[in-house]
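Residue strings, one per chain:
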Amino acid sequence: MNMLKFLLFTIVIFPVANAYGQFTSLNPFYFTLYSSVAWSDYNRDGHADVALCGLTGSSSITSIYRGNPDGTFTDIGAGLPGVGYGSINWVDYDCDGDLDLFYCGDAGEYQIVTKLYRNDGNNIFIEINTGILKLECDGNSAIVEVSDSVFAIIPYSSESEEVPPLFSTTIRSIIPNPFSDLAKISFSLSKSTSFSLTVYNLKGQNVTTLSTGKQTAGEFELLWDGSDKHGVRVSSGVYFLRLQTPTAVVIRKMLLLK
């Protein structure tokens, strides 16, 4: 993992070779330490773009660089809060076809933050204040993987080269999804541990806690009928199911239709 981060670091900071073996300096990038980068084509113009976060001496940055047709890069001035010792990734969390930005890290004085920004087009990124994507760790890096609307956030020690296995604790399925009456939720735990399974709305408000306590390793199923903690049926819309243990958080999106 550390070697991967180093390779990405060198690609961003140092000159790159063209087809003729010549090197051209990519000057607009900050010199960063304890950094993370993620490549994408967020504006779908056919040119690679890059998001970068990390330490720049006494401060930290999080920047998005637009790839230009001539091979140069331009900082779009997104105004994102800077983090170091973090991880950054692109994900289409709202399934609208535009890549959104998700990152976490140390914002200074050991304040660990996790940010999700929606891509509204025209280089505009809007923070989604869900209030549910919080990561408690000791300031070291985190692995952030996104697959099929599933978010997994697993802290690990930077002193170890070995990355913990992803999705060893996971939400296996929500059937059906979208649903109207009942959703059958299947989840698994890799070992005996304390856990909670909670439903949140788009505002980050706790709708209901479906299950909490300590459980042995295995696979489990339960039902949600779309009711809140007071037994009142909630309105149609997007909700987030969060499975949390002391070492992992998995979040999956579900859609309630009436």
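Everything quoted here is computed from the prediction, not taken from an experiment. (Residues numbered from 1 in each chain as written. Predicted model: local features only at pLDDT ≥ 70, side-chain atom pairs only at ≥ 80, totals over all residues. Heavy atoms only, no water.)

> Tell me about the sheet that holds strand β3 (residues 33–40), and please be specific about residues and values.
Pairing within the open sheet is antiparallel, and its four strands lie in the order β3-β4-β5-β6. Unpaired on one side and paired on the other, β3 and β6 (73–75) mark the two borders of the sheet. Within the sheet, the average angular offset between the axes of one strand and its neighbour, ignoring direction, is 25°. Both strand β4 (residues 49–55) and strand β5 (residues 60–67) contribute to a ladder of six bridges, which runs antiparallel. For A51, the partnering residue across the bridge sits in β5 and is I64. (Pairing = 2+ DSSP bridges. Helix = DSSP H or I, 4+ residues; strand = E, 2+ residues; numbered from the N terminus. Axes fitted to C-alpha atoms, helices over the stretch in contact; angles between N-to-C directions.)

> Describe the pattern of salt bridges, listing the residues and the values that go with them.
Counted according to the given criterion, the structure contains four salt bridges. A salt bridge links D98 to R44, with the nearest nitrogen and oxygen atoms 2.8 Å apart. In this pair, D98 sits in the loop between β7 (84–91) and β8 (100–106) while R44 sits in the loop between β3 and β4, placing the two residues 54 residues apart along the sequence. Owing to a relative accessible area of 57%, R44 belongs among the exposed residues under this scheme. Where R118 meets D120, a salt bridge forms, and the shortest distance between an N and an O atom there is 2.6 Å. (Salt bridge = Lys/Arg side-chain N within 4 Å of Asp/Glu carboxyl O. Buried < 20%, exposed > 50% of the residue type's maximum accessible area, 1.4 Å probe, protein only.)

> Please provide a residue-by-residue account of the nonpolar core, values included.
Membership of the largest hydrophobic core comes to 21 residues, with the highest contact counts inside it found for F187, W224, Y239, L241 and M254. Mapped by element, the contributors of at least two residues to this core are β13 (170–175), β14 (183–189), β15 (193–201), β17 (218–224), β18 (237–245) and β19 (248–256). The biggest single contributor to this core is β14, with four residues. Not counting chain neighbours up to four residues away, the residues in contact with L241 comprise I171, I174, I185, L197, T198, V199, L210, V250, I251, R252 and M254. (Core = buried A, V, L, I, M, F, W, Y, C linked by side-chain atoms within 4.5 Å. Contact = heavy atoms within 4.5 Å.)

> Tell me about the pairing of β15, residues and numbers included.
Consecutive side chains along a regular strand alternate between the two faces of the sheet. Burial within β15 is extensive, with eight of its nine residues counted as buried. When β15 meets strand β16 (residues 206–215), the two strands line up antiparallel, connected through eight bridges. Among the inter-strand pairings, Y200 is bridged to a residue of β16, identified as N206. Between β15 and β16, which pair antiparallel one after the other, the connecting turn spans four residues, and G204 there sits at a positive phi close to 80°. Note that β15 and β18 share six bridges and pair antiparallel. Of the residues in β18, the one forming a bridge with T198 is R242.

> Give a description of the packing of aromatic side chains that names residues and reports values.
For the coordinates displayed, the defined rule picks out nine aromatic pairs. Taking 5.4 Å as the distance between ring centres and 35° as the angle between the ring planes, the aromatic pair formed by F187 and F220 counts as tilted. Within this pair, whereas F187 is found in strand β14, its partner F220 is found in strand β17, the two being separated by 33 residues in sequence. One exposure class covers both F187 and F220, and it is buried. One aromatic cluster is present, formed by Y42, W90 and F125 through successive ring pairs. (Phe/Tyr/Trp six-rings, centres within 6.5 Å; stacked < 30°, edge-to-face > 60°.)

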